[in-house]
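# An overview of the molecular structure
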Amino acid sequence: KQWYQRRVAITAGGARANKTRSDMFDVEYQRSPVVHYAAVSSIDSSHKMAVMSMMWLPDTIEVARMGVPVENKTQASCQLITVGVDGNVMFWDIRLQKSTTTGLGGLGGGRKEKESTGDKSSIPATFSHLDLQWKPINVVPLTKLTGPGLHPGVTLSISQQLQNIKGRMQNLVLGNPPLIHRTNSSTTRQRPVEVEGVNTKFFAGTEDGYLIYTDWKAEKDPESGKLVSSKPAYCISSHAGPVHCLLRSPFYNHIIMSVGGWSLSIWKEGESEILQTSRSPVKFTAASWSLTRPGVFFIGREDGNIDVWDLMDRSHEPSMSQNISSSAITALEPYKVSSKQILLGVGDNFGTLHILEVPWSLRQPSPNELHSMAAYFDRECSRIDYYKDRDANRSQGGGDTGPTIPGVLETDEEEEERLKKSFNNYLNLEKDFLVKLGLKGQDDPVDLLH
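Since we're looking at a predicted model, the values are computed, not measured. (Residues numbered from 1 in each chain as written. Predicted model: local features only at pLDDT ≥ 70, side-chain atom pairs only at ≥ 80, totals over all residues. Heavy atoms only, no water.)

### Remarks on the sheet that holds strand 24 (residues 329–338)
- Strand order in this open sheet of three strands is 24-25-26, and the pairing throughout is antiparallel. Each having just a single partner strand, strand 24 and strand 26 (353–357) make up the two edges of the open sheet. Shown here is a sheet whose adjacent strand axes are inclined to one another by a mean of 20°, direction ignored.
- Where strand 25 (residues 341–348) meets strand 26, five bridges bridge the pair, whose relative direction is antiparallel. Looking at strand 26, one finds that Leu343 is bridged to Glu357. (Pairing = 2+ DSSP bridges. Helix = DSSP H or I, 4+ residues; strand = E, 2+ residues; numbered from the N terminus. Axes fitted to C-alpha atoms, helices over the stretch in contact; angles between N-to-C directions.)

Quick look at the structure:
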């Protein structure tokens, strides 16, 4: 569900057969081509259930053994991440490895599989070294914080802005594959240098509606001293259904939108929810941020409608809703043609692609919208911190404790005495107010109840 940017002939895809494939095809067909995969991962080392989502790592870093981020000296994106319903997040490298090493959550080695199916006579041998021998270099389990087992993963989001594969990756297709095959080059013989300051934490959305914030980098067990997979920093049940989308704002990298079930939430990385909508009468199935307006995003629904949210206008309901199809919206992808034209690609459950043009009011940002939305998110975070501190003080019996509730019921006489006292206080306040207005003297009596 991406707009065509350049001629890139390498793609990766997950399968219901729980394997990862590296496909090579030419996009310059007059009709939809028949795509033959060039390599399929080792069955024994792959996901044990369906692969739900995947993404390429940016070309600035690589992930080494134990999840350590190292410098990418080739400046080519050669690693990808997959997440499956089996509860594992796997890191893959399309280059030839001296020895296959899985991470701490590794699924173990397996038999060497020699035969492959399918007619691949027209596919270059660039990835023949991977076919049926491709294994993940690191595996991160989505561990449950309470009880045994793993959360079934659906989607994920890392902190760095993902980039499309650079044009230099075309060399792999044009018959110049040194970045993949030169495992004995001086680049690979050098000890990899860990990159400092890289945020290795990521979000994962699950099939049971949880949002998990965890780290792909291994941590040292304080008891055994061994490196073990990191436990999630937090795991929150945020949606009453699978989390379909985890999208970072194109304007604020620390702002994430999660969509699933009948609601959507906006989060600040490392903190709790900033915004959560009320339950919608219809399930949400897709989402996308606006490319030009920080406060606008689009939500696809199961009934074929698209909700347009404008947080500069209102935050409790969508600003408008437009019917697009009679079936569920499955994909939303914006594309900026120019400063005066933005398109929105919409896919539905019938397999139909709709191309919409975003109107001027939804593509032209208002003055200072970028700073206004940043201030809005900061205010919401401050408000949440205030309530957290207040609740903590109340639980400790100090600070703002609020009104006290009597431990036992009052008698009729006690209740009458309390009401008299309250009414007399009101009469005294009324007299002070009238004195300030000059309507009564300071010595005028007050008819108090006795």
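### Details of the packing of aromatic side chains
- Scanning the entire structure with this criterion turns up eleven aromatic pairs.
- When the centroid spacing of 5.6 Å and the interplanar angle of 55° are considered together, the rings of Tyr376 and Phe377 count as tilted. Here the two residues Tyr376 and Phe377 agree in accessibility, since each one is buried.
- Ring geometry for Tyr386 versus Tyr387: centroids 5.2 Å apart, planes at 70°, classification edge-to-face.
- Of the aromatic side chains, those joined through ring pairs into one cluster are Phe91, Phe202 and Trp216. (Phe/Tyr/Trp six-rings, centres within 6.5 Å; stacked < 30°, edge-to-face > 60°. Buried < 20%, exposed > 50% of the residue type's maximum accessible area, 1.4 Å probe, protein only.)

### What to know about the sheet that holds strand 22 (residues 305–310)
- The strand order across the open sheet formed by four strands is 20-21-22-23, and the pairing between neighbours is antiparallel. Both outer strands of the open sheet, strand 20 (284–289) and strand 23 (320–323), are each paired with one neighbouring strand and no more. Direction aside, the axes of adjacent strands within the sheet are offset by 20° on average.
- When strand 22 meets strand 23, the two strands line up antiparallel, connected through four bridges. Residue Asn305 lies in a different strand from strand 23, and its bridge partner there is Asn323.

### Re helix 4 (residues 369–395)
- Its 27 residues give helix 4 an end-to-end C-alpha distance of 39 Å, which sits within 8% of 39 Å, the value for a rise of 1.5 Å per residue.
- When helix 4 is considered as a whole, its buried residues turn out to be Glu369, Met373, Tyr376, Phe377, Glu380, Cys381 and Ile384.
- Against the buried residues of helix 4 lie strand 17 (255–260), strand 18 (263–268) and strand 19 (273–276). (Expected span 1.5 Å × (residues − 1). Contact = heavy atoms within 4.5 Å.)

### Here we look at unusual backbone geometry
- Unlike most non-glycine residues, Met66 shows phi in positive territory, near 70°.
- Turning to its location among the elements, Met66 is positioned in the loop between strand 5 (61–63) and strand 6 (69–71).
- What makes Met66 buried here is its relative accessible area of 14%.
- The backbone phi angle of Leu132 is positive, close to 60°, even though this residue is not glycine.
- Note on placement: Leu132 falls in the loop between strand 8 (88–93) and strand 9 (138–141).

### What about the confidence of the model for the protein?
- Across the protein, pLDDT averages 79, with 76% of residues at or above 70.
- Overall, residues 4–9 carries pLDDT values under 50, and its contacts beyond four positions in sequence, including any with other chains, amount to 17 contacts.
- For the stretch residues 161–189, pLDDT sits under 50, and the model shows 58 contacts to residues farther than four places along the chain or on other chains. (pLDDT = per-residue confidence, 0-100.)

### Some thoughts on a nonpolar patch on the surface
- A cluster of nonpolar side chains, contributed by Phe423, Tyr426 and Leu449, occupies part of the molecular surface with about 290 Å² of accessible area.
- Topologically, Leu449 is positioned in the segment after helix 5 (412–437).
- Classification of Leu449 as partly exposed rests on a relative accessible area of 41%. (Patch = residues over 30% accessible without salt bridge, like charges linked within 9 Å, V, L, I, M, F, W, Y side chains within 5 Å. Areas by Shrake-Rupley, 256 points an atom, 1.4 Å probe, with all protein chains shown as cover. Salt bridge = Lys/Arg side-chain N within 4 Å of Asp/Glu carboxyl O.)

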